[in-house]
Amino acid sequence: MGDSMGAKAVRKVREEDLVAWDTLPLSMYVVTYSFPPRNLWANSKRLEILGCTFEEFMSTDLVRTATEAEKEQWKNRHQAVQLRGETVLERSLVADGVDKQISVETVCSAVILEPRKDGLPSKLPEDADVRGVMIQQWPLEVKSRLEANTKYMTTLLECSPYPLCFFTFDGHLITCNPAAVEVFGNTIWLQSDIFGMGERERRGLNATNLHPAGSFGFERTERRTAYESMMDALTEDQSTFQVDLLIRRRGDEGQDSRWYCRVFAQRHKDPVTGEPMIMISHQDVTNLRKVEGELGRMEMSQQTTKELMQQHDSDVAGSLMVLLGEDFGLNFNAQPAESGALPDGRSESGSPRSEDSSVSTESTSLSTRTIQLNGLRQCLEKANDWAFNVFDLEREADGLPLQVLSWHVFLKHNLIEEFNLDHVKLVNFLRAIEMGHQDNPYHNATHVADVVQSMHCLLTKGGLGKFVGRLELLAGLMAACVHDFEHKGFNNDFLIKTEDDWAIDSNDKSPNEHHHLSSAFRILREEENNFIHRMPLAQQQSLRKMVIDMVLATDMAEHMAIVSKLKTDLQKRLENPDDGIGDEVPEALKTLVLQGAIKVADIGHLYAAHDVHIKWSERLEEEMWLQGDVEKERTMKVSFLMDRDKPGVTKSQPGFVDFVVRPLFETW
């Protein structure tokens, strides 16, 4: 027997309802229990279970064939459901075929059958407004699957932070979550809307009877191709498809925004109807795709995309188009804008290229991007050379050499994959570090990029490989990235004499270097920048210690002590094979070698081309003179070589090389 579930409004059933119910994979039928009880309607599943035709079902004499228990059940259904309009839930065993019984959940609800009024043939009784009981029998196995699927879909829709939609296989929306409405608006109803397709792009989608010789035409775009590829891929239940697309969406105020959308699609089966449906989720991966270099590719015209695709996607330099600025105007129609303007009215140069850039702002979008890509590629191809010119990279990377080069060497050394680094957060970290460098003549982001490149060369062909492992390599590159973070352009002596906050915080001990470290690690600690969060804690701690040891070693006050220790410890190990050169390198010696490496890298312009070295020397001289100018303003004693009225550092280079550089290089 069942439990009353409360009175409800009686549903009126029309012919179209019966047509829909006839396709459902559960047993459904309508009976009137007013004496004499008789069948009013049954769907195909019910007829299949009973093994009879619809006519045989309708002509069954229920009074003659029913048992006493069934007649008692009729009385309860008649009183509770048919007369009082309540809904009753029952569980029982019923026949399923000739020799099989299944456990079912039976739902009994009151209905009123409305006959057709147009005179057309109908399975409904001819009586006007017949009141009966709709009986739905859910096999518990099917019900469990439905509940699990409903719970799964509800959890996805409610909990997913990403837009999530369910569509029929012909592309119409079934339901979506609030995140999808927020992103795509209340007007979303077609699957093609999710792909950002316009009217011309979606023409003919899911159509089966298009006349090939007619005037029908559609726009062949990457979004349409991706949509068709998705439909081709989702051939079986649970099959999946994923693609990244450049999507255009309209905001509340009517303005268009452009973003990279990762579309993930999975084919499901409706647990009730068995019909296929598609679940589509979306994730904004704009920053990630910038890292992977797709912005440049998407802007290329359709005529050249196929030619450049393989080279662009496989080339590291192409992948670094990402970091060339975030204001590229993205042309969705793949057509060059007139008069050098992009759709939003900006110059097609888009990003803030330096005045010395090899790209003219009057170039077409294609030629601009191609030249930009080629210039960057040529620079990075020389990153393994000692004679690398970082000023060329500064120009071709739109004034962002540190981000570009650091990402490049991290990829070259396969550090992202090996240490499971979070590459999106790595980009955020590199961006924050580069943006934190002040526009000093010498201690700026370009100098740091130069040190990163020198450290890269030392790690690959500078003899470090026999002393350090992969974690030390990561530490070396990271230390190079942050070793001058937020440098003010003043040396430690000035900070101490002026009682600068940095000197106070460090108790007059290497104030510059201590601040570089503490500020950089604060940046790393922020969730959006913590690219090492997946590394084991022990590795993170070892990495931090090594970075600290290396950056502190860049204080010139420690120079002689480090060079002296290198000369004794390092050369002793190399010159005395009996001391166990093949054994595990002690941690102290690894640290010492890394400290020596970053010191060599920090003055790496000394082994660059002569004109590059001269340029750096002049920049250093200007920065030192600027400190001297401040010292004069404060009536302080002007530091050595910092008085612009006297010979500066460019006049003292021979002495600096002989007494500072040569001992370090000879020891190395």
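Remember, it's a predicted structure, so these values are computed and weren't measured experimentally. (Residues numbered from 1 in each chain as written. Predicted model: local features only at pLDDT ≥ 70, side-chain atom pairs only at ≥ 80, totals over all residues. Heavy atoms only, no water.)

Chemist: How should I be thinking about the overall build of the protein in this particular structure?
Modeler: Along the protein, the regular secondary structure elements total 29 helices and twelve strands. Residues classed as buried in the protein amount to 50% of the 668 residues present. Residue pairs at least 24 apart in sequence account for 61% of intrachain contacts in the protein once pairs closer than 6 positions are excluded. (Helix = DSSP H or I, 4+ residues; strand = E, 2+ residues; numbered from the N terminus. Buried < 20%, exposed > 50% of the residue type's maximum accessible area, 1.4 Å probe, protein only. Contact = heavy atoms within 4.5 Å.)

Chemist: Just to check I follow, could you spell out the packing of helix H19 (residues 423-435) against helix H21 (residues 470-482) for this structure?
Modeler: A pair of packed helices is characterised by two quantities: the angle between their axes and the separation of those axes. Contact pair H19 / H21: the axes reach a minimum separation of 10 Å and the direction vectors enclose 35°. Residues Phe429, Leu430 and Ile433 of H19 touch H21, and the partners they reach there are Met478, Cys481 and Val482. Class assignment for the residues of the contact of H19 with H21 results in six nonpolar, no polar and no charged. (Axes fitted to C-alpha atoms, helices over the stretch in contact; angles between N-to-C directions. Nonpolar A, V, L, I, M, F, W, Y, C, P; charged D, E, K, R; others polar.)

Chemist: Help me understand the nonpolar core in this model?
Modeler: One recurring pattern in soluble globular proteins: nonpolar side chains tend to sit buried together. By size, the foremost hydrophobic cluster in this structure holds 76 residues, and its most contacted members are Leu421 and Val547. The element contributing the most residues to this core is H21, with ten residues. By size, the runner-up hydrophobic cluster in this structure holds 33 residues, among which are Val13, Met28, Val30 and Met134. (Core = buried A, V, L, I, M, F, W, Y, C linked by side-chain atoms within 4.5 Å.)

Chemist: What should I look at first to understand helix H17 (residues 401-412) in this one?
Modeler: A turn of α-helix holds 3.6 residues, and therefore any two residues three or four places apart point the same way. Given a rise of 1.5 Å per residue, twelve residues ought to cover 16 Å, and the 16 Å separating the end C-alpha atoms of H17 matches this to within 8%. Burial within H17 is extensive, with ten of its twelve residues counted as buried. Every buried residue of H17 is listed here: Pro401, Leu402, Gln403, Val404, Leu405, Ser406, Trp407, His408, Val409 and Phe410. Among the residues trailing H17, Asn414 stands out with phi positive, at a value near 60°. (Expected span 1.5 Å × (residues − 1).)

Chemist: Hey, could you run me through the pairing of strand S7 (residues 130-139) in this one?
Modeler: Each regular strand carries side chains that alternate between the two faces of the sheet. Counted residue by residue, S7 has nine buried out of ten residues, so it is predominantly covered. As defined by bridge partners, strand S3 (residues 27-32) adjoins S7 across five bridges and the pair is classed as antiparallel. Within S7, the residue paired with Val31 across the bridge is Val133. Both strand S6 (residues 101-113) and S7 contribute to a ladder of ten bridges, which runs antiparallel. Residue pairing for S7: Val111 is matched across the bridge by Gly132. (Pairing = 2+ DSSP bridges.)

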